[in-house]
Amino acid sequence: MRITHKEKSAPAIVTPSGEHLYEMIGASRELGSASNQSLACSVIPPGKNSAAHYHKVSEETLYILQGSGQMQVDERTFTVETGDVIFLEPGEIHSLYNDSQTI
C-alpha cells in the first residue's frame, strides 16, 4: 500500500509547453514500485498546454479538477470542464490546452 500527497511528492517536472507534472505513483521504488500503472498530477497554467503525445500500450484517464480547456484527440477537438473525465485508448494522440483563467 502507498499513500501520497502532491505537496509531499518530488518537485514538478516543468515541460517546455508549460505543463507541471507531479508523478505520484510509478515504477520507481520511491513511488511504490508499480509495474503496470502510474498516477500523475498535471497542472496546466492558463494559456498553456500539454505536449501532444500518445501511449503505446497503456490507457490514460484524465479528470478535470478545475477550469476548462480544449482536448485534442487525434484530429478531433472537444471542450472539457471541471468534473469531466476523459478516457484515452493506447495510440490516441492527445493534448490538453487550458483556455480558462484557472490553474
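Everything below is about the structure printed above this text.
Rules behind the numbers
- Residues numbered from 1 in each chain as written.
- Predicted model: local features only at pLDDT ≥ 70, side-chain atom pairs only at ≥ 80, totals over all residues.
- Heavy atoms only, no water.
- Pairing = 2+ DSSP bridges.
- Helix = DSSP H or I, 4+ residues; strand = E, 2+ residues; numbered from the N terminus.
- 1 Å grid on protein atoms, 1.4 Å probe; cavity = no way out; pocket = protein on both sides within 12 Å on 5 of 7 lines; lining within 4 Å.
- Points joined across faces, edges and corners; volume = space filled by probe spheres on them.
- Nonpolar A, V, L, I, M, F, W, Y, C, P; charged D, E, K, R; others polar.
- Core = buried A, V, L, I, M, F, W, Y, C linked by side-chain atoms within 4.5 Å.
- Buried < 20%, exposed > 50% of the residue type's maximum accessible area, 1.4 Å probe, protein only.
- Axes fitted to C-alpha atoms, helices over the stretch in contact; angles between N-to-C directions.

## Examining the sheet that holds strand E1 (residues 13-14)
Spatially, three strands are ordered E1-E2-E3 in an open sheet, and the strand pairing comes out antiparallel. With partners counted over all chains shown, the strands left at the sheet margins are E1 and strand E3 (39-43), one partner each.

## Details of the layout of surface pockets
Approximately 1,200 Å³ is the volume attributed to the largest pocket. In terms of lining, the largest pocket is formed by 41 residues, of which the most central are Ala40, Cys41, Ser42, Glu60 and Leu62. Breaking the lining of the largest pocket down by element, the ones donating at least two residues are strand E2 (20-25), E3, strand E4 (60-63), strand E5 (68-73) and strand E8 (94-98). Among the residues forming the lining of the largest pocket, the class breakdown is 18 nonpolar, 18 polar and five charged.

## Some words on the nonpolar core
Counting residues in each nonpolar core, the largest one holds nine residues, listed as Ile44, Leu62, Ile64, Met71, Val73, Val80, Ile86, Leu88 and Leu96. Only E5 and strand E7 (85-88) provide two or more residues apiece to this core. Tyr22, Met24, Ile25 and Ala34 belong to the second-largest nonpolar core, a separate cluster that totals five residues.

## Quick look at the sheet that holds strand E6 (residues 76-81)
The sheet built from three strands is open, its strands ordered E6-E5-E8 with antiparallel pairing. Each edge of the open sheet carries a strand with a single partner, namely E6 and E8. Strand-to-strand twist in this sheet, taken as the mean axis angle between neighbours without regard to direction, amounts to 25 degrees. Here E5 pairs with E6 via six bridges, running antiparallel. Counterpart to Met71 in the pairing with E6 is Phe78.

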